Amino acid sequence: TSEHAVAHFAEAGERLTPAALVKAMQEFRSVTAGRYVLLDHIHRVRFGTDKNPRLELAEATRWLRDMAAKYEWSIIVAAQLHRAPSQHGALRDLLPPTMSDLKETGTLEEDAVVGILLHRVKRADVDNGQTAAVGRGERPITDILEPNCMAVRVGKHRRRGHVMDSTAFLHVNDDGRLTQRAPVWRKSDESPEGRYGL
């Protein structure tokens with residue numbers, strides 16, 4: 001952009017290997033004074049060796065952390081969640097994930113300076129009966145979701161611990177862009193289960 005140079009690695013498929021990532025980031029450093037790197041996502045990196053995949057993923061996250069510190073980059077690493085089967089069934093996607101829900105490796109949680117977690121939002125006018133019907137599989141979850149709204153929660157902040165668990169509700173355009181803050185109707189003192197009527 002006119003203000004910032006961004007290295008964006010996405011949809012690289014089998015071409016996104018550790019060697020390719022290292023080469024691309026070295027090239028990024030040599031041709032621009034860029035400050036931001038976006039890796040979408042860490043679980044797309046193909047290691048293609050006989051080593052332990054979790055160990056290799058841990059090495060990759062630590063390398064990214066070290067590169068961020070060395071070159072003063074802000075490296076944003078997207079990751080998938082591992083959501084185990086839940087007693088809440090289809091309603092589990094309404095529960096805010098935690099850092100421990102990150103897929104495959106604890107080093108994502110350990111190495112991150114800031115952890116941002118996303119989840120869906122239930123409409124404010126949905127009653128417990130409607131929620132229970134979704135839980136029983138009688139209605140689709142889309143019937144109770146707030147349209148075009150995403151909850152963005154701080155799961156970790158190494159430098160500003162007081163913002164932990166802060167949540168913003170953001171409006172999402174049809175093209176997937178986060179545009180503005182949505183109305184906040186949640187009470188901060190409620191548990192996730194109480195907040196979502198689970």
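Above this text sits the structure in question.
Residues numbered from 1 in each chain as written. Predicted model: local features only at pLDDT ≥ 70, side-chain atom pairs only at ≥ 80, totals over all residues. Heavy atoms only, no water.

Re the overall build of the protein chain
- Helix and strand content of the protein chain: five helices and seven strands.
- In the protein chain, the succession of helices and strands from N to C terminus is β-α-β-α-β-α-β-α-β-β-β-α.
- Out of the 198 residues belonging to the protein chain, those deemed buried represent 34%. (Helix = DSSP H or I, 4+ residues; strand = E, 2+ residues; numbered from the N terminus. Buried < 20%, exposed > 50% of the residue type's maximum accessible area, 1.4 Å probe, protein only.)

A short note on the pattern of salt bridges
- Scanning the model with the defined rule gives six salt bridges in all.
- In this structure, Arg123 and Asp125 form a salt bridge, with 2.8 Å as the shortest nitrogen-oxygen distance.
- Note on Asp125: relative accessible area 56%, which makes it exposed.
- Arg139 is paired through a salt bridge with Asp143; the nearest N and O atoms lie 3.3 Å apart.
- With a relative accessible area of 31%, Asp143 lands in the partly exposed category. (Salt bridge = Lys/Arg side-chain N within 4 Å of Asp/Glu carboxyl O.)

Notes on the sheet that holds strand β5 (residues 149-157)
- Judged by pairing direction, the sheet is antiparallel, and its four strands sit side by side in the order β4-β5-β6-β7 without closing on themselves. Each having just a single partner strand, β4 (114-119) and β7 (178-181) make up the two edges of the open sheet. In this sheet, neighbouring strand axes are inclined to one another by 40° on average, regardless of whether the strands run parallel or antiparallel.
- Bridge count for strand β6 (residues 167-172) against β7 is three bridges, and the pairing is antiparallel. From the neighbouring strand, His171 faces β7, where its bridge partner is Gln180. (Pairing = 2+ DSSP bridges. Axes fitted to C-alpha atoms, helices over the stretch in contact; angles between N-to-C directions.)

What to know about unusual backbone geometry
- Cis geometry is adopted by the peptide bond preceding His41, which originates at Asp40 and carries an omega value of 5°.
- Mapped onto the fold, His41 is located in the loop between β2 (36-40) and α2 (53-71).
- Of note, Glu72 is a non-glycine position whose phi angle comes to about 55°, a positive value.
- Along the chain, the position of Glu72 falls in the loop between α2 and β3 (74-77).
- Phi angles above zero are rare outside glycine, and Asn148 is one such case at about 55°.

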